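This is what each chain is made of:
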Amino acid sequence: MKKHTKMELSRRRFLGTAAIGMAGITFLPSLSSCSSPATSTEDKIRLGFIGMGRQAMFLLNGFIQIPGVRVVAGCDVYGRKRQRFENRVNEFYTKNKVEVEVATYEKYEDLIQRDDIDAVVIAVPDHAHAMIAIAACKAGKDVYLEKPMTFTIKEGQELKRVVRETNRILGIGSQQRSDPNFQHAVKMVQTGRLGKIEKVNAYVGAPPIPYNLPEEEIPADLNWDLWLGPLPENIHFNNELNPPISLDPVKHEEIWGAWRWYKEMGGGFTTDWGAHMFDIAQWALGMDRSGPVEISPIGDGTEFMKFVYADGVVMTSEPFDEKMTKGVKFSGENGWIEVSRGHFKASDDALLPPKSDSADDDTPYETKIPHQINFIESVRNRVDPVVPVEIGHSSCTVCTLGNIACDLQRTIKWDPISETFVDDEDGAAAAKLHYQYRDGWKLL
């Protein structure tokens, strides 16, 4: 009980202090050398946004400024978010003297049926990721999908299959893969500069807890039934799940949507930050498209977990410093490296990233958008982005396996090739590969 209380305090502190993106839409330093958004280009990419919350506003801020991109539509089950989206997009294009007609929708089906939309940006709660992304692929749209890729492992398996069957481009919003510091850390590990890796600390935070917020009145312009989608209809509304917003064009929600902290709707810090930090660890260890073979809770499973790979390398979700920095520490026989957002530390200066004279060095992490540019170029050139669907799935699977082990409060064994549990005699682990969608909703 005490650990749940501590987790709750940590969650609230995060909700109140985390910041991403910028107020309103302003020009980003990383695009200062690019042509104007008004550049005349025959090869325009027309984007639709599905989900218009705080993360979507950050993504909008980047995508709308990429030359040749036009944001033409948006969708959300919350009326005020549709209005905010329309206000921001129209304000940007009016200011830059670009003629674009923007439409908004309550149902994502209405958006993806439009023939003139090339790709969609999906930034909805995790439980709707797979369902909407699969529908978009089948409708002929390329997809930029926020992390974690899916809510369940089964959803990830099906999405991966559909992406390849439909020949769509799907990129995952694991933007740390496009960051030079994380790229350098991975290079140091993969080229053997640290020697044999002895341990990895990838601190991400605690697993989800049971939903415990009180029931509150549903806003008049929020379609709560559509928000729930395939989830059980007995999940009641609370404002923290879908925070109220202002239509002020320079304001974001005061907190992040709290659905992510509760096991009925999300994967806790395990998936919220694990989709970033476990992802980097897997990449460095050469475990993309693979994963651990044994997963265990540490203690009672309310804080930390352990992952063992086939080669014996151990990764834990324990912190590596007193600040409890969310990041990754690689410890090898020849030294160590710590990397997090805006931070790089090593046992030897020779392991540090090379200094750069770029004017962008001091740009806040959250305002750099090469990851979004990578997706647009992948759409143009019909090649996989830096984080394709297979990597998004394997990184997401690691997170979900950790939550399953903690939920069962025992060690589970996993075959990352067949993506099945080993020695699961009672079927308890396999039962958590997916859940029963409520009537009227389906994955495929």
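One numbering rule holds for all chains: residues counted from 1, following each sequence as written. Where totals are concerned, whole chains, interfaces and linings use all residues; where local detail is concerned, this predicted model gives features only for residues with pLDDT of at least 70, and gives and counts side-chain atom pairs only at 80 or more. Neither water nor hydrogens contribute to the side-chain values; these are computed over all heavy atoms in the structure.

With 14 residues, helix H6 (residues 153-166) extends 20 Å between its outermost C-alpha atoms, agreeing within 8% with the 20 Å of an ideal straight helix rising 1.5 Å per residue. Each residue's exposure class comes from its accessible area (1.4 Å probe, protein chains only) as a fraction of the maximum for that residue type: buried when under 20%, exposed when over 50%, partly exposed otherwise. Secondary structure counts use DSSP, requiring at least four H or I residues in a row for a helix and at least two E residues in a row for a strand, with both numbered from the N terminus. By the burial criterion, the buried members of H6 are Ile153, Glu155, Gly156, Glu158, Leu159, Val162 and Val163. What makes two residues a contact is simply this: any of their non-hydrogen atoms within 4.5 Å. The secondary structure elements touched by the buried residues of H6 are helix H5 (129-138), strand E5 (142-145), strand E6 (170-172), helix H12 (389-408) and strand E14 (412-415). The positive-phi residue at the C-terminal boundary of H6 is Asn167, with phi of around 55 degrees. What a helix should span is 1.5 Å times the count of its residues minus one.

As a further point, take the side chain of Asp272. Relative to the assigned elements, Asp272 resides in helix H9 (residues 268-272). Residue Asp272 is classed as buried on the basis of its relative accessible area, which comes to 8%. For the purposes of these results, a polar contact is taken to be a pair of N or O atoms within 3.5 Å, where, inside protein, one atom must be able to donate a hydrogen and its partner to accept one; residues adjacent in sequence count only when each atom of the pair is a side-chain atom. A polar contact of 3.1 Å, which involves the side chain of Asp272, links it to the side chain of Arg260.

Here the focus is the sheet that holds strand E2 (residues 69-75). Strand pairing is defined by DSSP finding a minimum of two bridges between the two strands. Strand order in the open sheet formed by 6 strands is E3-E2-E1-E4-E5-E6, and the pairing between neighbours is parallel. On the outer flanks of this sheet lie strand E3 (103-105) and E6, each paired with one strand and no other. Pairs of neighbouring strands in the sheet enclose a mean axial angle of 25 degrees, with direction left out of account. The pairing of strand E4 (residues 119-122) with E5 spans 4 bridges and is parallel. Of the residues in E5, the one forming a bridge with Ile122 is Leu145. Axes here mean lines fitted to C-alpha atoms, for a helix over just the part in contact, with angles spanning 0 to 180 degrees between N-to-C directions. Together, strand E1 (45-50), E2 and E3 form the strand contacts of helix H3 (residues 79-95), whose direction differs from that of E2 by roughly 165 degrees. Along the sheet face, helix H11 (residues 370-381) touches E1, E2, E4, E5 and E6 and points at about 165 degrees away from the line of E5.

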